[in-house]
Structures are given as structure tokens and as C-alpha cells.
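Residue-level structural notes
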Amino acid sequence: MKGLGCAALTSLPGLAAWGESAGKATNPAPTFAPEDDQLLDELERLSCCFFWEQASPQTGLVKDRCNARKASTDNSLVASIAATGFGLTALCIGDLRGFISHSDARNRVITTLRFLSEKLAHHRGFFYHFADINTGERVWDSEVSSVDTAILLCGILSCRTHFRDTDITLLAHAITNRVEWTWLSEDTTLLPHGWRPEIGFLPYRWDYYNEMMMMYLLGLGSPTYPLRPEAWDAWKRTPFEYEGMRYIGSFAPLFVHQYSQAWFDFRNKRDKYADYFLNSVTATEVHRRFCIELAGTFPHYSPELWGITASDSDHGYVIWGGPPSVGQIDGTIAPAAAGGSLAFVPEEAVRVLRTIRHRYPKAWSSYAFVDAFNPAKNWYDSDVVGIDTGITMIMAENARSGYIWKIFMENPEAQRGMERAGFKSYQPVIPTPSVLTSSVGANSVR
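Below, the structure is looked at part by part.

Side note on the nonpolar core
Within the largest apolar cluster, 146 residues are counted, with the highest numbers of intra-cluster contacts made by Leu116, Trp181, Tyr216, Trp232, Trp263, Phe264 and Tyr276. Once residues lying within four places of it in the same chain are set aside, the contact partners of Tyr216 are Thr189, Leu190, Leu191, Trp206, Leu227, Ala231, Trp232 and Trp235.

Structure, rendered in C-alpha cells:
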């Protein structure tokens with residue numbers, strides 16, 4: 001599984017490859033202090049290292065997780081189609097930042113896309129959630145996953161516009177254009193979570209606000225099998241309020257506010273319901289305050305250390321977060337909670353990452369932060385999880401340069417999807433956490 005190796009993934013002046021276009025973003029990227037920018041650069045480099053080393057050079061499929069303490073000897077074989085989508089995006093970042101040579105990144109992308117196009121099993125364009133990293137064979141009787149396929153498609157589309165290479169473009173078209181969104185929605189405007197050959201469609205629907213916005217927008221923007229526009233209106237946008245702050249949310253971990261916005265740029269745009277970028281700013285600030293208020297029970301929670309999202313724990317993988325409290329919160333910190341929030345609350349989020357890096361060295365590994373740790377229990381995870389490493393990596397890049405937003409939104413599928421969903425440009429009043437009040441909610445959510 002070893003490729004270049006971490007030692008070879010060194011920071012080179014690759015950002016110049018896209019000229020000054022970062023400065024032309026709708027909202028200027030925040031300026032981090034040199035120490036923090038160096039931390040984020042190292043975080044991105046080591047994250048790219050994970051996606052390079054823990055992918056099969058023959059298939060390009062990326063492991064769902066690996067033991068970061070024993071990375072060179074980790075022999076797990078389960079790949080995640082979502083982690084592969086993050087991995088394709090990592091190749092864009094690695095090339096941009098000079099962590100990986102352009103030719104190596106391009107060749108890995110072609111290898112991956114060719115395997116996805118020609119060999120990996122799919123059903124009407126949708127892929128199984130988990131597969132053998134070397135053969136692509138379905139594992140764990142996993143479902144054909146709608147949202148995990150969407151994450152993969154976001155990675156493919158990012159590569160198409162980043163590399164602007166004929167071979168990559170043709171392969172990307174072949175994979176994305178065969179996805180039959182109309183099959184997924186043939187009897188409902190609410191998309192199902194997935195399908196199994198043994199039972200057919202799963203009974204669960206993407207029926208309320210969460211990480212699925214990218215899936216509906218990709219379906220709306222499909223040039224071959226587009227969803228009907230009413231699909232965007234079908235899911236519920238449940239209002240929440242916390243200390244006077246109003247936002248659309250759900251009884252789910254923080255990552256639901258992050259995943260779609262890793263690729264889709266919602267800044268300075270809104271549909272008839274909300275400004276989803278400001279909505280995530282508000283929801284993240286609410287989560288930060290929620291964690292700080294838990295300090296009476298878990299004294300290590302503070303403005304310097306917060307963040308609970310679905311993650312490993314000392315007793316297995318757990319779905320937790322809040323407010324309101326979800327799961328049996330026990331003081332565990334998931335670095336991806338703050339890491340995936342870098343684009344929303346950059347100062348507050350990088351403060352957490354800096355604290356973890358300097359105060360809790362056991363939470364750092366050969367692939368940057370481990371998935372979770374609990375200072376009160378002196379427990380530190382041994383693993384990194386691909387989707388958590390991935391969201392932290394992409395949001396670090398978006399917070400620094402806006403680059404993944406830029407290249408992804410150049411895809412006509414992304415533009416068409418947001419247009420058909422009714423998004424319009426506007427100039428919002430940008431809130432800061434110190435002034436987030438109910439007036440922010442009025443601006444963010446209608």
C-alpha cells in the first residue's frame with residue numbers, strides 16, 4: 001500500500017499553479033497567523049499522506065480507516081467509497097500545494113477513475129458503501145449508498161476541473177453521467193438512503209436537513225437523469241433555537257453542517273428558505289457554546305477545547321453531538337468537529353486545533369490528528385477515519401484559499417443544481433460569534 005511515503009510529501013510552492021484566483025473569491029479567505037497557517041499546512045500534508053499511502057495503487061480505492069500508530073503495517077482491506085471521494089479531492093490539494101508531483105497525482109486519479117468506470121460494481125451508477133480495497137468486491141453486505149456515492153462524485157468533479165486533462169475528463173463524464181437519479185426517485189421526491197440487491201430500497205429517506213444537500217443538488221444538476229425541482233423542497237428544514245440563535249438543524253452530529261459545504265460554495269447565496277453558509281456558522285457557534293457549557297461535567301471542555309461529532313470512542317464508534325444532547329457524551333473530543341468547522345468559525349476552530357496539537361501530543365499521529373481522544377480517561381485513539389481526516393483537510397484548504405470551492409463550482413453540474421434549486425446571489429450581513437443573536441437567524445433562515 002506504500003507509495004511515495006510521508007517523507008516525500010513535502011510542502012513545495014505549488015499554490016502558484018492557480019495564480020491569483022484565490023484572491024478573487026466571493027469572500028476573501030481568512031488570514032491565519034503564521035503559526036496557525038503552518039499547522040494547517042502540516043495537517044493538510046499529513047492528511048494527503050493518508051490518502052496517498054492508504055489507497056491501493058492498483059485500484060485507487062481508499063481505506064475506510066487505518067491504525068495511524070502502525071500505518072506502515074496496517075493490513076486492513078475495507079475501502080470506503082466516501083473516503084475515496086475525499087481521497088480524489090486530496091490529490092487536487094496535494095498537487096496544488098506541491099505535496100505530490102503533478103504527474104503522480106494525475107496518474108493516481110486516472111487509475112482510480114478507470115477502476116471506478118470499468119471494474120467496480122455499481123447499480124445504475126451508484127456504488128456500494130464498502131468494498132475490498134484490492135478487488136473492489138462488496139464487503140459487509142453493504143448497501144448501494146446514495147450519499148456516499150454523492151461524496152465520491154464530488155471528488156471526481158473536483159478532479160475534472162482541477163486537472164483539466166482529457167483522459168480524466170472523459171472518465172469523469174463516463175462515471176457521473178451514468179448515475180440514474182431518476183431511478184432513485186422514481187416513486188418519491190425524498191431520496192432513499194440506499195438499495196440492497198437482497199431487499200431493494202432501504203426504508204429510510206433523506207427527509208430532513210443533514211449532509212444530503214450535495215446529493216439533491218448533484219441530482220438536480222445531472223445532465224442525463226436529473227431530479228425534478230420539487231425534490232429540493234421535499235425535505236424538512238426544522239428550526240432550532242439556542243440562546244436566541246435560530247438555525248435549521250437536526251438531531252444529529254455536527255458533521256451534517258459540514259459535508260455538503262466542503263464542495264458546494266453556499267457563500268453569498270440563498271434559496272427561498274435560508275442562507276446555508278450562515279446557517280452553518282450559527283449552528284457551529286451554537287455547538288461551541290454547548291460544549292463549553294458542559295465544562296461543569298467535563299472540565300477540559302473550554303473555548304480552547306470543544307467539538308463532538310460522530311467519532312470513535314474508547315467503547316467503539318458513537319453517534320453523538322448537540323444541542324440538544326445526542327448520544328451518551330462522555331468528554332471525548334473529536335478533532336474533526338473543529339477541523340470541519342474551519343471555514344465557518346476559523347479563529348475559534350484553529351484555536352482548538354492548536355490546543356490539541358500542543359497540549360495533547362498523543363492525539364497527533366503520522367496522519368495528523370487521530371479520530372478522537374478523551375483527556376479525562378487518558379484515552380487516545382489509534383485510528384484515523386478517512387471521512388473525518390478528509391473533511392478536516394478540505395475545510396482547512398477552503399479556509400486558507402477557498403480553492404476546493406472554486407474548482408468544484410466551475411462544474412456545470414454544480415451550477416445547474418443550485419440554479420434549479422432556486423439559489424440567488426445576495427449580499428448578507430456577515431456575523432461574528434460575538435454578535436450572533438436572533439437577528440442573525442432572521443438573516444440566515446426564513
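Some details on unusual backbone geometry
Omega for the bond connecting Gly322 with Pro323 falls within 30 degrees of zero, at 0°, which places this linkage in the cis form. Secondary-structure assignment places Pro323 in the loop between helix H10 (276-293) and helix H11 (335-339). For the bond from Pro323 to Pro324, the omega torsion is -15°, close enough to zero to count as cis. The backbone of Arg164 sits at a positive phi, close to 45°, despite the residue not being glycine. Relative to the assigned elements, Arg164 resides in the loop between helix H4 (146-163) and helix H5 (166-177). Of note, the phi angle at Asn268 is positive, near 60°, even though the residue is not glycine. Tracing the chain through its elements places Asn268 in the loop between helix H9 (260-263) and strand S11 (269-270).

Examining the packing of helix H7 (residues 213-221) against helix H15 (residues 412-420)
Angle between the axes and distance between the axes are the two parameters that describe a pair of packed helices. Running from N to C, H7 and H15 cross one another at 100°; their axes reach a closest spacing of 7 Å. In terms of orientation, H7 lies roughly perpendicular with respect to H15. Between H7 and H15, the contacting residues are Leu217, Leu220 and Gly221 on the first element and Glu413, Arg416, Gly417, Met418 and Arg420 on the second. Partitioning the contact of H7 with H15 into residue classes produces three nonpolar, two polar and three charged.

Overview of the pairing of strand S9 (residues 238-242)
In regular strands, side chains alternate between the two faces of the sheet. Pairing geometry for S9 and strand S10 (residues 245-249), over five bridges, is antiparallel. The partner of Glu241 across the bridge, within S10, is Arg246. Where S9 hands over to S10, the hairpin turn is made up of two residues, of which Glu243 adopts a positive phi near 50°.

A few points about H15
Listed as buried for H15 are Glu413, Ala414, Gly417 and Met418. Axial view of H15: buried residues confined to an arc of 125°, hence all on one face. A positive backbone phi angle near 95° is found at Gly422, which sits one or two residues after H15.

Description of the layout of surface pockets
A water-sized probe, rolled over the atoms, reveals where empty space remains. Roughly 780 Å³ of internal volume is contained in the largest pocket. His129, Asp148, Glu211, Phe255 and Ile319 are the residues nearest the centre of the largest pocket, which is lined by 33 residues in total. Sorting the residues of the lining of the largest pocket by element identifies H4 and helix H13 (386-400) as the ones contributing at least two each. Of the residues forming the lining of the largest pocket, the biggest block, three residues, is contributed by H4. For the lining of the largest pocket, the per-class residue count stands at 20 nonpolar, five polar and eight charged.

Comments concerning the side chain of His162
Within the secondary structure, His162 is located in helix H4. The class for His162 is buried, based on a relative accessible area of 14%. Within the structure, the side chain of His162 is placed 2.7 Å from the side chain of Asp95, a separation counted as a polar contact. Separated by 2.6 Å, the side chains of His162 and Tyr403 make a polar contact. Once residues lying within four places of it in the same chain are set aside, the contact partners of His162 are Cys92, Asp95, Leu96, Tyr403 and Ile407.

What about H13?
Taking 1.5 Å of rise per residue, 15 residues should cover 21 Å, and H13 covers 21 Å from first to last C-alpha, within 8% of that figure. The first or second residue beyond H13 is Gly402, which carries a positive phi of 70°.

Structural notes on the environment of Ala376
Along the chain, the position of Ala376 falls in the loop between strand S14 (373-374) and strand S15 (379-380). Measuring from C-alpha to C-alpha, the distance between Ala376 and Gly331 comes to 7.0 Å, with 45 residues separating the pair along the chain.

Definitions and cut-offs
- Residues numbered from 1 in each chain as written.
- Predicted model: local features only at pLDDT ≥ 70, side-chain atom pairs only at ≥ 80, totals over all residues.
- Heavy atoms only, no water.
- Core = buried A, V, L, I, M, F, W, Y, C linked by side-chain atoms within 4.5 Å.
- Buried < 20%, exposed > 50% of the residue type's maximum accessible area, 1.4 Å probe, protein only.
- Contact = heavy atoms within 4.5 Å.
- Helix = DSSP H or I, 4+ residues; strand = E, 2+ residues; numbered from the N terminus.
- Axes fitted to C-alpha atoms, helices over the stretch in contact; angles between N-to-C directions.
- Parallel < 35°, antiparallel > 145°, perpendicular 65-115°, else oblique.
- Nonpolar A, V, L, I, M, F, W, Y, C, P; charged D, E, K, R; others polar.
- Pairing = 2+ DSSP bridges.
- Arc of directions from axis to C-beta.
- 1 Å grid on protein atoms, 1.4 Å probe; cavity = no way out; pocket = protein on both sides within 12 Å on 5 of 7 lines; lining within 4 Å.
- Points joined across faces, edges and corners; volume = space filled by probe spheres on them.
- Polar contact = N/O pair within 3.5 Å; in protein donor to acceptor, adjacent residues only side chain to side chain.
- Expected span 1.5 Å × (residues − 1).

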